[in-house]
Amino acid sequence: MLRRLCALVPAGVLTAFAFLLITGRYLNDGPVLVQVTANHGLHEGDLFVLAGWLVALLALAVLARRPAG
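These numbers were taken from a predicted model, which means no experiment stands behind them. The written sequence of each chain sets the order in which its residues are numbered from 1. Totals for whole chains, interfaces and linings use every residue, but because this is a predicted model, local features are given only for residues with pLDDT of at least 70 and side-chain atom pairs only at 80 or more, for both listing and counting. Remark: hydrogens and water are excluded; side-chain values derive from all non-hydrogen atoms of the structure.

**Q** Account for a nonpolar patch on the surface, naming residues and giving values.
**A** By definition, no residue in a patch forms a salt bridge, and every one has over 30% relative accessible area; like charges are joined within 9 Å, nonpolar side chains (Val, Leu, Ile, Met, Phe, Trp, Tyr) within 5 Å. Note on areas: these come from Shrake-Rupley sampling with a 1.4 Å probe, and a residue is covered only by the protein chains present in the view. We define a salt bridge as a contact between a side-chain nitrogen of Lys or Arg and a carboxyl oxygen of Asp or Glu at a distance within 4 Å. On the surface, V9, V13, F17, F19 and L20 cluster together to form a nonpolar patch covering roughly 530 Å² of accessible area. Assignment of secondary structure puts L20 in helix α1 (residues 2-23). Residue exposure (1.4 Å probe, protein chains only): buried if accessible area is under 20% of the type maximum, exposed if over 50%, otherwise partly exposed. A relative accessible area of 53% places L20 in the exposed class. Only DSSP runs of H or I reaching four residues or more are called helices, and only runs of E reaching two or more are called strands; each is numbered from the N terminus.

Shown next as structure tokens:
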């Protein structure tokens, strides 16, 4: 139980940081791939953020499910 709780904390932080990166503006935004609203869309640079978020969460899930020992 404690192992899963310890995995949830960095998962929450990673999710918050990924959300901030995707909703903000930064130098390497890249071209808009999908227009969501008139002012916002999914940029090429957002795919890198989403891929990193997914890999990090998968690593946390593997660590949380490993048997203790």
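**Q** Pulling in residues and values, what's your account of helix α2 (residues 44-65)?
**A** Here the expected length of a helix is defined as 1.5 Å per residue gap, with one fewer gap than residues. In a regular helix each residue adds 1.5 Å, so 22 residues correspond to 32 Å; α2 covers 33 Å between its end C-alpha atoms and thus fits that length. Turning to α2, its buried residues are G45, D46, V49, L60 and A64. Angular distribution of buried residues about the axis of α2 spans 100°; they occupy a single face of the element. Away from its buried face, by an angle of more than 90 degrees, α2 presents the exposed residues F48, V55, L58, V62 and R65. Contacts were defined at the residue level, with two residues in contact if any of their heavy atoms lie within 4.5 Å. The elements touched by buried residues of α2 are α1 and β2 (41-43). This arc describes the spread of directions from the helix axis toward the C-beta atoms.

**Q** Can you lay out the side chain of D46 for me, pointing to particular residues and giving the numbers?
**A** Take D46: it is sitting in helix α2. Ignoring sequence-local partners within four residues, the contact set of D46 consists of L21, I22, Y26 and G41.

**Q** Report on α1, specifying residues and quantitative values.
**A** When the terminal C-alpha atoms of α1 are compared, their 32 Å separation across 22 residues agrees well with the 32 Å that a helix rising 1.5 Å per residue should span. Of the positions making up α1, those classed as buried are A7, A11 and A18. Along the long axis of α1, the arc covered by the buried residues comes to 35°, so they all point the same way. Within α1, the exposed residues directed more than 90 degrees away from the buried face are L2, L8, V9, F17, F19 and L20. For α1, the elements touching its buried residues are α2.

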